[in-house]
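Each chain, letter by letter, is given below.
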Amino acid sequence: GQLLTESDETNKKKRRLMMKKFIAMILSTVMVLSLSACGGTNDDDAAKTPNEGGNAAQKVTFTMPTGSMGGSYYSSGTAMAQVLNSHVDGMDMSVSASNTQDNIATLLSGESQIAMSGGADYNAVMEAMPADDDTICSMGVFNQTVSMIVVSGKSDYQTLADLKGKKIQMGSSGSGQCLMNMALIAEDGMTPDDFSPEYMSQSDGTQAFTEGKVEANLITSGVPSSLLTQISASDPDFRILTWDEEFLDKVVADYPYYKVCTVDPADLGCKSITEPVKMVAFYGELLVRADVDEDLVYNMCKALYENQEELVNAYAGCSFMTPENTVEFTSFNLHPGAVRYFTEIGVM
């Protein structure tokens, strides 16, 4: 795959981060072994399958790193933990706010058994394709985020190239939004240096766009999107630039952890788009280490997918999490426990 990081220095920082995580894992292991001697629960205990018989269930304790506090990953993770704790015997899962690229490192080191991240995050950290990894597996795709280049309805911009030299909002440096935008720019034969890029959060970037401080807002969001609603309130004639199918095919060929999806115009609220439109999307995934017990992952999948109404009631953004979407859109290998469940219900 093509390199998505911004510079060699960024790569070095990420490698140093992984080393720190590895060291932290070693220290954590020492502490766990000490607690085990005093009757504590170690990581091996956490990976055991809950007892489905009449005896007391083995307690399974996980802390799941998600995304930033209050964001869609954090909210989705909180809803999943609630369902898993209610429907998997012995499960005691909590969530923590984190960075999705950090989550890849903690899974690889063994510091985390389960975490949320995506294919682009894996590629940015490891400079390799997620499907080539035999340590990290997927058990669910829970989030679809599409890329949209939003410009003012009063502007004449028709393509990304028309924005050369202009201020564009790329997203926070290192975020999934920024990684996708850098990939699209590279695929179109340009670099961020061809523009005057701003690296802000989604909310700050959208505010800057509505105030006319940037010429384009390169959003990545689920749809319908509150960001588009905010933009529409100040610019009802806003436009979304679209790509032709040849370009989209090139993107997914070079970056297979991105996919092409079809978006209903009713979900966009953009007057210039009246027919279904194809867009580039990336996916948030519920990832688990391959060495987590197969029966446990099977039971977790069963709990999540057979109680989806409860999951969506806890957080509406989890509506994308279905067995069919996971099988179609995952960038990772599916965990054997997930494969067994999906085969059992006939989607594999």
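Residues numbered from 1 in each chain as written. Predicted model: local features only at pLDDT ≥ 70, side-chain atom pairs only at ≥ 80, totals over all residues. Heavy atoms only, no water.

## Comments concerning the packing of aromatic side chains
Link 1 in the chain: Under the counting rule described, the total for this entry stands at 14 aromatic pairs.
Link 2 in the chain: Feature note: the residues Y255, Y257, Y258 and F282 constitute an aromatic cluster, connected by ring pairs.
Link 3 in the chain: In this structure, R340 is placed above the aromatic ring of Y298, and the distance from its NZ or CZ to the ring centre is 4.3 Å. (Phe/Tyr/Trp six-rings, centres within 6.5 Å; stacked < 30°, edge-to-face > 60°. Lys NZ or Arg CZ within 6 Å of the ring centre and 35° of its normal.)

## Some remarks on helix α5 (residues 119–126)
Link 1 in the chain: With respect to burial, α5 is a largely interior element, seven of its eight residues being buried.
Link 2 in the chain: Within the sequence span of α5, burial applies to G119, A120, D121, Y122, N123, A124 and V125.
Link 3 in the chain: Following α5 by one or two positions, E127 adopts a phi angle in the positive range, close to 55°. (Buried < 20%, exposed > 50% of the residue type's maximum accessible area, 1.4 Å probe, protein only. Helix = DSSP H or I, 4+ residues; strand = E, 2+ residues; numbered from the N terminus.)

## Brief notes about helix α8 (residues 226–234)
Link 1 in the chain: Residues of α8 that are buried: L227, L228 and I231. Down the axis of α8, the buried side of the element spans an arc of 95°, and every buried residue falls inside it. In this structure, α8 carries S226, T229 and A233 as exposed residues pointing more than 90 degrees from its buried face.
Link 2 in the chain: Its buried side turned inward, α8 meets β4 (136–151), α7 (202–210), β7 (216–221) and β8 (239–241).
Link 3 in the chain: Capping the start of α8 is the job of one residue whose side-chain oxygen sits 3.1 Å from the backbone nitrogen of L227: S225. (Arc of directions from axis to C-beta. Contact = heavy atoms within 4.5 Å. Polar contact = N/O pair within 3.5 Å; in protein donor to acceptor, adjacent residues only side chain to side chain.)

## Comments concerning the nonpolar core
Link 1 in the chain: If you look at the biggest cluster of nonpolar residues, it comprises 66 residues, and the most contacted ones within it are M139, L163 and Y258.
Link 2 in the chain: Broken down by element, this core gets its largest block of residues, eight residues, from helix α10 (residues 294–305).
Link 3 in the chain: Leaving out residues up to four positions away in the same chain, M139 has contacts with I114, L286, V288, V297, M300, C301, L304, Y305, T326, A338 and F342.
Link 4 in the chain: Judged by nonpolar contacts, the second largest core, of 24 residues, contains M148, I219, F238 and L268. (Core = buried A, V, L, I, M, F, W, Y, C linked by side-chain atoms within 4.5 Å.)

## Remarks on the packing of helix α4 (residues 100–109) against α5
Link 1 in the chain: Relative orientation of the contacting elements α4 and α5 amounts to 70°, with a least axis distance of 9 Å. When the axes of α4 and α5 are compared, the pair comes out roughly perpendicular. The residues of α5 that touch α4, namely those facing T100, Q101, I104 and L108, are D121, Y122, A124, V125 and M126.
Link 2 in the chain: Partitioning the contact of α4 with α5 into residue classes produces six nonpolar, two polar and one charged. (Axes fitted to C-alpha atoms, helices over the stretch in contact; angles between N-to-C directions. Parallel < 35°, antiparallel > 145°, perpendicular 65-115°, else oblique. Nonpolar A, V, L, I, M, F, W, Y, C, P; charged D, E, K, R; others polar.)

## Brief notes about the pairing of strand β10 (residues 277–289)
Link 1 in the chain: Most of β10 sits out of view: 12 of its 13 residues are buried.
Link 2 in the chain: Strand direction decides the pairing type here: strand β3 (residues 114–117) and β10, joined by four bridges, are antiparallel. Each residue of the ladder has a partner; that of I114, found in β10, is V288.
Link 3 in the chain: Pairing analysis gives nine bridges linking β4 to β10, with the strands arranged antiparallel. (Pairing = 2+ DSSP bridges.)

Fair warning: the whole summary comes from geometry, so function is off the table for now.
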